[in-house]
Structures are given as C-alpha cells and as structure tokens.
Amino acid sequence: MYEKPLIKVEPPGPEARKFMKKHHELIMTSTHDPEYLPLVIERAVGVWFVDVDGNVYLDFTSAIAVNNLGYPTHPEIARAVTEQLSILAHAAGTDFYNPYQVSLAELLVSIAPGEFGKKVFFSNSGTEANEAAIKIARYSTNRKYFISFIGSFHGRTMGSLGLTASKPVHKKRYYMWMPGVYHVPYPNPYRNPWGIDGYEHPDELVNRVLDYIEYWVFEHQIPAEEVAAIFFEPVQGEGGYVVPPKNFFQQLKKLADKYGILLADDEVQMGMGRTGKMFAIEHFEVSPDIITLAKALTAGTIPLGATIFRKDLDLEPGAHSNTFGGHALAAIAAAKAIEVTRKLLPHVSELEKLFFERLAPLKEKYPKVGDVRGLGLAWGVEFVKDRKTKEHDAKTRNRVVYEALRRGLVLLGCGKSSIRLIPPIVITEEQAKIGLDIFEEAVKAAH
Ligand SMILES: Cc1ncc(COP(=O)(O)O)c(C=O)c1O
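None of the values given here were measured: they were computed from a predicted structure.

Q: Quick rundown of the nonpolar core? Include the residues and the values.
A: With 94 residues, the main nonpolar core has Leu108, Phe218, Leu252, Leu359, Leu421 and Phe439 as its most contacted residues. No other element matches helix α9 (residues 328-359), which puts 14 residues into this core. A domain-level breakdown of this core finds at least three residues from each of domain 1 (14-73 + 344-446) and domain 2 (76-341). Grouped together as the second largest cluster of nonpolar side chains are 18 residues, Ile136, Ala229, Leu262 and Phe309 included.

Laid out in structure tokens, this is it:
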C-alpha cells in the first residue's frame, strides 16, 4: 500500500503518451481530456492509482463515483464474487429465477426509503435503470410527459437523453430523443435564473422553482394531469455537485401529490453512501416512488443497474426485460457492497466536517473560487472569472485539474466550471488531508 503520491515523471510520461496515441487511433472519441487529464492507469490499489510510467496518484474521483470502496475492489467483495464464480454467474435473470437476485432485491427494498411495498428491476447501467424508470412511470400512469431539471444528467440513451439537460454536446445532432420532457430550473442556491442567493433565502428559491412548474409549465404548456413523473437528482452530479435547499423535495412532493405525479429519484451518482446516507434523498426526508441506482452499486466490481419502485406500479409480463439483469455475480457483489458501505456511513459523515473545514475557506482566500458546496464525500468547487458576475472560468478549473495531477492527485471536472472531490469512502482522514493539501496547492498554482 502507498502512503503518499509519487511523481517520477511529469504526466503524461513516455509510456502514457504511447497508450494515449493508440487509444485515440483505435477507440471512439469520448470524454477523455488528453490536455488536462492525461492519465493512463495501469493498476489501482486502495485509494491509489499507478500509471504506466510508475507514477502514484491519490484518487479523488472514485472513477466517477463508482469505486466507493477502493481498488481494484473491496477484499470482501472479491472473496464473495470469486466464490460465486464457481457456483453461478450469468443466469438469464429475467427468464429463469435465481436466489441471488431475490436476496439482493430483498435487501434493496428493505433499505430504500418509503414505508410501502417495493419491487426491483435489474439492468447494467445508470441510463438503463432510468430507461426502466421512464417505462414504469409511463406504463403505470398511462401519462405522456415528464418534468426534469436544467443541469441534470440522467444518461445518454435516447430515452434518458431526453431527461438530461447538462451540456448541449450531449444532444448535438441526435434529435430526436424521447419527446415530452419539460425542463425547469433546479434550485441551485449559487446560480439560478432569478439571481436569488439560495443560501441566504432558501424558501424564496424553492417557491420560485415550484411556481415555475405550476405556472409556466402547467398553466401554459402541458396539463399537469398528463405528467407521469418528475425526474430529479437529489444532488446534481454531472451538473456541478449542486446541493438544493433542505426543504425542496418535501415541497416538490406536495406539488407532485396534488396532481398524482410520480417522483423519480436518480441516485446513480449520489447513492450508495456517497453523501453519508445510503440514499442521498434521505437527507431530505422524502420517499420517492421510483429510485434508480448503478455506478457504486457493486463498488465497481461488475456493472449493475437497479430500478426500485412502488410495487403497485409494476408492469405486465413482457413489457420490459433484458439479458444480463439479475446476473448472479453482480447480485452477490452488490449485496456485499451494501453490507460494507453501511458500516462506513458514520465515517463519511465524520469526513464531511474535514472537507467543509478545508474547502469552505478557499472561497475567502482565492478570488476565482466562486462557490463550495457538498454533503458527505460529495463536494463541488466552482471557479469563476469574477465573484460578482459569476462568469464561468473553465480554463482555471481545467488548470486546477492538471496542477493537481502533476502533484499526484486525480480530480474530475463537472458542470461548466466546477471540480468534484469524491474520494472512495474508504479513504482515511490522513489520506484525505494529503488530497486536500494538494487540492489547495493546485488552486493556488492555477491562480
Ligand atoms: C445521475 C446520473 N444518472 C445516470 C447516469 C448514467 O449512468 P451510466 O453512465 O451508467 O449510463 C449518470 C452517469 O454519470 C449519472 O450521474
């Protein structure tokens, strides 16, 4: 195990350059950033990445909120999955029955918020979990429309892409994606269309958003009675790690109940202990009708998505299915990941204090740090050119990502000019302090 980062050669080193070149020749262009994040990972252990040139980095990304329990996987999950591999792996879980998916479903419905009967659909990714949620909402209500929030990310397949509204490049030239989605402003306390300081005046911000839905959408565009569900992220992830006011979801639930609209809570990025609760929505004390999970559900061991929903919303046979859902290895991995994560929740809440203490003062010390927000081990820092105008400063953000990398800390951007700080939740206080020190050095250097 490593104790601190070790940079032997400025990234990208000669080996990294070789692999990056080949990668871009052979693999479809995606979201890599060869300029600011030239990282070629050869192996990973605990909270550390080792690149192909032998550099050692501390990871503050959890490989996009997936490897919450460290690398390459948590030893208890490795043990359980290895054992299961000689018993049953792929099991055509939507056609044949198997006990492993039943046990996992039992566990998921028991921990998901809501004192009502629930069922689960298993898939392979976040977007697929949301596709199932879309179908469940439309089928069970026989309604057409959806409400979703500006800044949200729900996936990139044509259904979930309709819900997504975080960057235009996600939609460029793909029209048409699923129609019938109406996007409304998210209650972003720092940056919203009304210029309200949502930290100082949370109720005013919440009321504006709810008014927007009721007046500008329901009274001008679509009948509320034809809206199937409101999709939301309890904390916006790709959109910038934005934490809404505490009472927002309770008010949203009241509005949804008034019109018989379902609440679909996308926990793909924030679920599984990331915020210090198993489900981020638990901070807001609301029970959604549908919850989607993926990413950290098996802590990065085997891909798995899950859609947990109110039992009475169930479909008829054949209305939705897939091949790999209910995969026995994935089910075993998820059950173990939940067991380990549960024990770590107090640790995440404890580290929240450290992150707050270390990150909040950056707003006073560095003029380009516009906002700092977070819960548990899900923190966002937003960079601006000017505090007053709040003009986004993506260049400084990217520079911070690179300055951190060359000092041995891996970070990922999000939103238009933010950085997310989301280490594996198994990180120790000492390791977290190392990362936070490097982060501040990088912010300073970028200034
Ligand atoms: C909140 C949220 N929903 C859905 C998705 C899509 O998940 P996937 O990439 O597994 O399809 C993501 C991915 O980042 C996400 O953050």
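Q: An account of the layout of surface pockets is requested, with residue identities and associated values reported.
A: If you add up the space inside the second largest pocket, you get close to 800 Å³. Gly93, Lys119, Val120, Phe121 and Asp314 are, among the 27 residues lining the second largest pocket, the residues nearest its centre. Elements represented by at least two residues in the lining of the second largest pocket include exactly α4 (99-111), β4 (118-123) and α5 (126-141). Here the lining of the second largest pocket is built from residues that sort into 13 nonpolar, eight polar and six charged.

Q: Outline unusual backbone geometry, supporting the account with residue identities and numerical values.
A: The amide bond that connects proline 11 to the next residue, proline 12, takes the cis arrangement and shows omega of 0°. Here proline 12 shows up in the segment before α1 (14-26). The amide bond that connects tyrosine 71 to the next residue, proline 72, takes the cis arrangement and shows omega of -15°. With respect to the helices and strands, proline 72 occurs in the loop between α2 (62-65) and α3 (75-85).

Q: I'd like a description of the domain arrangement of the chain, backed by residues and values.
A: Taken as a whole, the chain is organised into domain 1 (14-73 + 344-446) and domain 2 (76-341). Placing the centre of domain 1 and that of domain 2 at their C-alpha centroids yields a distance of 25 Å. At the interface, 37 residues of domain 1 touch 34 residues of domain 2. Interface area for domain 1 against domain 2, summed over the two sides, is near 2900 Å², with a carbon-plus-sulfur share of 54%. Viewed at the interface, domain 2 and domain 1 are joined by two salt bridges. A salt bridge links glutamate 238 to arginine 420, with the nearest nitrogen and oxygen atoms 2.9 Å apart. Linking domain 1 to domain 2 there are 20 residue pairs in polar contact (both at pLDDT 80 or more).

Q: Any chance you could break down the sheet that holds strand β5 (residues 145-149) for me, citing the residues and the numbers?
A: An order of β4-β10-β9-β8-β7-β5-β6 is seen for the seven strands of this open sheet, with the pairing classed as mixed. At either margin of the open sheet sits one strand with a lone partner, and together these are β4 and β6 (181-184). When strand polarity is set aside, the average angle formed by the axes of neighbouring strands in this sheet is 20°. As defined by bridge partners, β5 adjoins strand β7 (residues 227-232) across three bridges and the pair is classed as parallel. When the sheet's bridge partners are listed, isoleucine 147 is paired in β7 with isoleucine 230.

Q: Got a sec to walk through the packing of α4 against α9? Specific residues and values, please.
A: One way to put it is that α4 packs onto α9 with a least axis distance of 8 Å and a crossing angle of 35°. The way α4 lies across α9 gives a crossing that is left-handed. Here Tyr100, Gln101, Leu104, Leu107, Leu108 and Ile111 of α4 lie close against α9, whose contacting residues are Ala328, Ala331, Ile332, Ala334, Ala335, Ile338 and Arg342. Residues that form the contact of α4 with α9 fall into these classes: eleven nonpolar, one polar and one charged.

Q: Could you give an account of the packing of aromatic side chains, naming the residues involved and the relevant values?
A: Taken as a whole and judged by the stated rule, the model has 14 aromatic pairs. Residues phenylalanine 248 and phenylalanine 249 carry aromatic rings whose centres are separated by 5.0 Å and whose planes lie at 65° to one another, so their mutual orientation is edge-to-face. Summarising the burial analysis for this pair, phenylalanine 248 and phenylalanine 249 share the class buried. Here lysine 363 stacks its cationic end above the ring of tyrosine 199, 6.0 Å away from the centre of that ring. Here lysine 390 stacks its cationic end above the ring of tyrosine 190, 4.2 Å away from the centre of that ring.

Q: Would you mind going over α3 in detail, with residue names and values included?
A: Count 3.6 residues to each turn of an α-helix, and residues three or four apart come out pointing the same way. All of the buried residues in α3 are Ile77, Ala80, Val81 and Gln84. In a view along the axis of α3, the buried residues occupy a sector of 95°, so they form one face of it. Of the exposed residues in α3, those oriented more than 90 degrees away from the buried face are Pro75, Arg79, Thr82 and Glu83.

Q: Please set out helix α12 (residues 429-446) residue by residue, giving values where relevant.
A: The terminal C-alpha atoms of α12, which comprises 18 residues, lie 26 Å apart, in line with the 26 Å expected from a rise of 1.5 Å per residue. Buried within α12 are the following residues: Gln431, Ala432, Gly435, Leu436, Ile438, Phe439, Glu440, Ala442, Val443 and Ala446.

Q: So what's going on with the site of the ligand? Which residues, and what values?
A: Surrounding the ligand, one finds 13 residues, the nearest of these being Gly126, Thr127, Asp266, Gln269 and Lys295. Taking glycine 126, its main chain carries an N or O atom lying 2.8 Å from an oxygen atom of the ligand. For the ligand, a nitrogen atom lies 2.7 Å from a polar atom in the side chain of aspartate 266. Within the complex, 82% of the 390 Å² of free accessible area of the ligand lies under protein. It is α5 that provides the largest number of residues to the shell around the ligand, a total of three residues. Considered class by class, the residues forming the shell around the ligand number two nonpolar, seven polar and four charged.

The rules behind the values
Residues numbered from 1 in each chain as written. Predicted model: local features only at pLDDT ≥ 70, side-chain atom pairs only at ≥ 80, totals over all residues. Heavy atoms only, no water. Core = buried A, V, L, I, M, F, W, Y, C linked by side-chain atoms within 4.5 Å. Buried < 20%, exposed > 50% of the residue type's maximum accessible area, 1.4 Å probe, protein only. Helix = DSSP H or I, 4+ residues; strand = E, 2+ residues; numbered from the N terminus. Domains from an automatic or database assignment. 1 Å grid on protein atoms, 1.4 Å probe; cavity = no way out; pocket = protein on both sides within 12 Å on 5 of 7 lines; lining within 4 Å. Points joined across faces, edges and corners; volume = space filled by probe spheres on them. Nonpolar A, V, L, I, M, F, W, Y, C, P; charged D, E, K, R; others polar. Contact = heavy atoms within 4.5 Å. Buried area = accessible area lost by both parts, 1.4 Å probe. Salt bridge = Lys/Arg side-chain N within 4 Å of Asp/Glu carboxyl O. Polar contact = N/O pair within 3.5 Å; in protein donor to acceptor, adjacent residues only side chain to side chain. Pairing = 2+ DSSP bridges. Axes fitted to C-alpha atoms, helices over the stretch in contact; angles between N-to-C directions. Left-handed = near helix turned anticlockwise from the far one by under 90°. Phe/Tyr/Trp six-rings, centres within 6.5 Å; stacked < 30°, edge-to-face > 60°. Lys NZ or Arg CZ within 6 Å of the ring centre and 35° of its normal. Arc of directions from axis to C-beta. Expected span 1.5 Å × (residues − 1). Near = heavy atom within 4 Å. Areas by Shrake-Rupley, 256 points an atom, 1.4 Å probe, with all protein chains shown as cover.

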